[in-house]
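Chain and residue survey
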There are 2 protein chains.
Amino acid sequence: LLDEDNEKTRGLCEELRPADMADLLEQLPEGRRYHLVEVLGPQLAPETLAELAEEVRDEIIEAMPNAQIAEAVAELDTDEAAFVVQDMDDADREEVLAALDLADRLALQASLDYPDESAGRLMQREVFAAPSFSTVGQIIDRLRSGGRLPDLFYEVFVVDPGYKVLGSVPLSRFLKAPRDTRLTDLMADDLVRVPVLMDQEEVAYLFEKYNLISAPVVDESDRLVGMMTVDDVVEVVRTEADEDLLALGGVDREESGLSVPVPKIARSRFIWLAVNLGTAILASFVISFFDATIEQVVALAVLMPIVASMGGNAGTQTLTVAVRNLATRDLTGANTFRVVGRETAVSLINGAAFAVLLGVTAGIWYEAIGGGGPGEGVILGAVLAAAMVVTMLSAGLAGILVPVTLQRFGADPAVSSAVFVTTVTDVVGFFAFLGLAAIFLVG
Amino acid sequence: LLDEDNEKTRGLCEELRPADMADLLEQLPEGRRYHLVEVLGPQLAPETLAELAEEVRDEIIEAMPNAQIAEAVAELDTDEAAFVVQDMDDADREEVLAALDLADRLALQASLDYPDESAGRLMQREVFAAPSFSTVGQIIDRLRSGGRLPDLFYEVFVVDPGYKVLGSVPLSRFLKAPRDTRLTDLMADDLVRVPVLMDQEEVAYLFEKYNLISAPVVDESDRLVGMMTVDDVVEVVRTEADEDLLALGGVDREESGLSVPVPKIARSRFIWLAVNLGTAILASFVISFFDATIEQVVALAVLMPIVASMGGNAGTQTLTVAVRNLATRDLTGANTFRVVGRETAVSLINGAAFAVLLGVTAGIWYEAIGGGGPGEGVILGAVLAAAMVVTMLSAGLAGILVPVTLQRFGADPAVSSAVFVTTVTDVVGFFAFLGLAAIFLVG
């Protein structure tokens, strides 16, 4: 990177789209990042701020003079502006808000008053709406005359005198109609409305399901208060899917960015590992019950991780499918019972398959190494086989019942399920295998 | 559900949006599903077919008469039509294609000729393009005069006489301009173009990054051949994120739907579990080296699952973050080295933390149960602590290096990484713990 020639740097950066500029800033080490922001000064496009990863944006904003932030915020749509200022500390945010003109300030303030991750926070307040009696011609004239219009929009929202949403006309349909056509004749009235307090995950679900490009956001009395566009939704879909992926892997989304400092990552992962340690200790506790058995038949210690590992993996498979189907809402109260039946069937089939496979192999191995008395290989094989079936069945049941139950009690099944499921499979697996061995092999 | 009163059923279904109708069909058991499709007959909206989950759609289409399918396909945009016919068997597809009019047939045939999951397959061929010298007024007149226009579109693509894409004008900007404005004065020329053979994952990346609503699809000579819209991309984002989630959980996407039959699910999961069994057997093999050591100190059998479990979980954490950052392209060739450094640091910090925690606890426990000679608790604690550090470090390194290496060799890091990482952590964990114990504790 050119450090000395600021002119040249500015020239190169001028050609970048805001998203590319944001990528560049994210890839740079911290020192360079600030340097570049300083060199660019006001040339840094306001949209770049909106495109940055959260932790990088927060840092850059802290380093920028409030006056420059205010200028940037004034140029952005309310949804992007809210993104930029929401994590600033209160004093700085007040200063930025105070520097805005009244209309911008009120709009932004209203956005910030809605809860985080709600439609109200994600929407832009700039919308284009028209009364139902207007004609195509009147609206085109109004659009051409300028005024406070949203930068980009995709449909004309049709409202009554109380600003209640009646329907909408996509711009492409609008453009095909003669000038004297009334909006009422063009509008679709099965429009999907987004309540202003709806959670972003619900909003994304609506957009995905009905293939929406934009949708009106309405308050409790069905009055138009803003508009959501699909580009925000793409980000929500990505974020929510990522959250599930990361949660199943035992990671906070906040520490998944590559700019998060090492101590913060270590602390956040430590917590999850500590929770998991509880599970591991519980499993050890089960094993310690059977230390006398293991002392007599060390082969048990050799084979027991196989039982736990197969159980853990089978449980993870079922859990992953369950979490995914809960997220897409294919798994509902109506079909839970049927799905549990399916998982039970799958567990029993695979449990039986691996029982035969492993029971025979372990029996032959044990006879071959000459462990135990004659015929004990058969017993060991049978014990392992029985333990496999029990463990796989418990894995299947825990894999589906744990997330469904957590969801029913309002917890996020992706975050907390994995540790419960592993606990079940570990404890059941060790208990079944060592317990059966204690009875039939050593007994 | 009303089974007897077909009239009433038809009435109720008439009010449903296609997406809701598709949901209803998916939730019904198979028998009912066919019955409903039969009762509805031609009333079933063509869009419903496009909205259905793949496995349900394929079944319904097999049961529908080809003539009805052809009628439905004729009404759909090419992207949706391609969805519907792509999985039909060849003879049926030929029959449906033959029943279409020439233009529809050629368009659909061309779509199907592009590879699965490419922009060419996902795009719709219906686009609205205009020469650069046209004025706003001319275009509005052309739109009003009707003809073969796409149902919904969001921008006017500006082309030269050879149909090369020069730029585009969003409809909202277009509507604000006076009738005599030329397109050249309105168009943005930093338009993002999608090459027709681009993979859908790349397309989704472009749409997400640049917040696109629609984009022109171009062939090798930059000529306009179709248009992609963001609603298709939302589905791709969801699908690709789901694929990563499921792959990490050891599940094929194809068996994650709730309508897949049990034997197919069992078979697909069996394969993954069998691969994992290889890992587990390898781990057992390591343990069997140390059977004499375990026989002398059974406490090792009790504690060894803790080492493996902590290693496995730490590896999964790192792997999950790596897979996610590879998917979002935040982890690139440029910063791999730095990220490996970070993961090493995090592993060492948490490895040390758990080493102290577990070493002390295990030492006290071993002394308390009176295992071994005096002072052996200290040695056991030290061995466990050292094994923890080694295992956590190997987990961190494997968690980042395995997916990065797989990606570099063109493999999907989400699908194949987990088994490699677990193999490393299990083998290293058992080997370090039991090996150190064999040397220092039993010696």
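Cut-offs used in this document
- Residues numbered from 1 in each chain as written.
- Chains lettered and ligands numbered in written order.
- Predicted model: local features only at pLDDT ≥ 70, side-chain atom pairs only at ≥ 80, totals over all residues.
- Heavy atoms only, no water.
- Contact = heavy atoms within 4.5 Å.
- Buried area = accessible area lost by both parts, 1.4 Å probe.
- Salt bridge = Lys/Arg side-chain N within 4 Å of Asp/Glu carboxyl O.
- Polar contact = N/O pair within 3.5 Å; in protein donor to acceptor, adjacent residues only side chain to side chain.
- Phe/Tyr/Trp six-rings, centres within 6.5 Å; stacked < 30°, edge-to-face > 60°.
- Buried < 20%, exposed > 50% of the residue type's maximum accessible area, 1.4 Å probe, protein only.
- Pairing = 2+ DSSP bridges.
- Helix = DSSP H or I, 4+ residues; strand = E, 2+ residues; numbered from the N terminus.
- Axes fitted to C-alpha atoms, helices over the stretch in contact; angles between N-to-C directions.
- Core = buried A, V, L, I, M, F, W, Y, C linked by side-chain atoms within 4.5 Å.
- Least-squares fit on C-alpha atoms with pLDDT ≥ 70 in both.
- Parallel < 35°, antiparallel > 145°, perpendicular 65-115°, else oblique.
- Left-handed = near helix turned anticlockwise from the far one by under 90°.
- Nonpolar A, V, L, I, M, F, W, Y, C, P; charged D, E, K, R; others polar.
- Patch = residues over 30% accessible without salt bridge, like charges linked within 9 Å, V, L, I, M, F, W, Y side chains within 5 Å.
- Areas by Shrake-Rupley, 256 points an atom, 1.4 Å probe, with all protein chains shown as cover.
- Expected span 1.5 Å × (residues − 1).
- pLDDT = per-residue confidence, 0-100.

Focus on the interface of chain B and chain A
Across the boundary between the two partners, chain B contributes 112 residues, which contact 112 residues of chain A. Interface area for chain B against chain A, summed over the two sides, is near 10200 Å², with a carbon-plus-sulfur share of 63%. Looking only at chain B, the three residues that lose the most surface to chain A are B:Leu175, B:Leu258 and B:Gln317, adding up to 8% of its buried area. In this structure, the connection of chain B to chain A is made through 11 salt bridges. For B:Lys209, the salt bridge identified is with A:Asp23, shortest N-O distance 2.9 Å. Taken together, chain B and chain A are joined by 39 residue pairs in polar contact (both at pLDDT 80 or more).

Remarks on the packing of aromatic side chains
Residue and element names in this part refer to chain A. One pass over the full model with this rule turns up 12 aromatic pairs over all chains. Pairing Phe289 with Phe290 gives two aromatic rings, centres 6.5 Å apart and planes at 80 degrees, and the pair type is edge-to-face. Residue Phe289 is classed as exposed on the basis of its relative accessible area, which comes to 54%. Among the residues examined, Phe290 registers a relative accessible area of 10% and is labelled buried. An aromatic cluster is built from Phe285, Phe289, Phe290 and Phe431, whose rings are joined through pairwise contacts.

A short note on the sheet that holds strand 1 (residues 129-131) of chain B
Either a parallel or an antiparallel arrangement is found when strands of a sheet pair, and the pairing is made through backbone hydrogen bonds. Residue and element names in this part refer to chain B. Reading across the sheet, the 3 strands line up as 1-2-3 and stay open at both edges, with mixed pairing between neighbours. Here the strands that pair on one side only, and so sit at the sheet edges, are strand 1 and strand 3 (165-170). Pairwise comparison of adjacent strand axes, ignoring direction, gives a mean angle of 30 degrees for this sheet. As paired strands, strand 1 and strand 2 (residues 155-159) are joined by 3 bridges and run parallel to one another. Residue Pro131 lies in a different strand from strand 2, and its bridge partner there is Val159.

Concerning the nonpolar core
The biggest cluster of nonpolar side chains holds 80 residues, and the ones touching the most others in it are A:Ile294, A:Met304, A:Phe433, B:Ile294, B:Met304 and B:Phe433. Setting aside its immediate chain neighbours within four residues, A:Ile294 contacts A:Ile287, A:Ala301, A:Met304, A:Leu434, B:Ile294, B:Val298 and B:Ala301.

A short note on the relation of the copies chain B and chain A
With an RMSD of 0.1 Å, chain B superimposes on chain A once it is rotated by 180 degrees and translated 0.1 Å along the axis. The superposition of one copy onto the other is thereby described by a two-fold rotation axis.

Focus: the packing of helix 18 (residues 299-327) of chain B against helix 21 (residues 413-442) of chain B
Geometry of a packed helix pair, given as the angle between the helix axes and the separation of the axes. Residue and element names in this part refer to chain B. Here helix 18 crosses helix 21 at 150 degrees, and the two axes come no closer than 8 Å. The orientation of helix 18 with respect to helix 21, classified from their angle, is roughly antiparallel. Handedness of the crossing formed by helix 18 with helix 21: right-handed. Looking at the contact of helix 18 with helix 21 residue by residue, the classes come out as 17 nonpolar, 6 polar and 1 charged.

Brief notes about a nonpolar patch on the surface
Residue and element names in this part refer to chain A. On the surface, Val378, Ile379, Ile439 and Phe440 cluster together into a nonpolar patch covering about 400 Å² of accessible area. For Val378, the position within the fold is in helix 20 (residues 376-408). Residue Val378 is classed as exposed on the basis of its relative accessible area of 60%.

Looking at helix 19 (residues 336-368) of chain B
Two residues of an α-helix separated by three or four positions point the same way, owing to the 3.6 residues in each turn. When the terminal C-alpha atoms of helix 19 of chain B are compared, their 47 Å separation across 33 residues agrees well with the 48 Å that a helix rising 1.5 Å per residue should span. The first or second residue beyond helix 19 of chain B is B:Gly370, which carries a positive phi of 70 degrees.

Brief notes about helix 5 (residues 54-63) of chain B
Burial in helix 5 of chain B covers these residues: B:Val56, B:Arg57, B:Glu59, B:Ile60 and B:Ile61. If you follow the buried residues of helix 5 of chain B, they end up packed against helix 2 (18-27), helix 3 (30-40), helix 4 (46-51), helix 6 (66-75) and helix 7 (78-85) of chain B.

Section: the confidence of the model for chain A
All names here are of chain A. Summing up the model confidence of chain A, the mean pLDDT is 87 and the portion of residues at 70 or higher is 98%. Averaged pLDDT values for the elements of chain A fall to 75 in helix 1 (residues 6-14) and rise to 95 in strand 4 (residues 194-195). As scored by the predictor, the complex reaches a pTM of 0.80 and an ipTM of 0.79.

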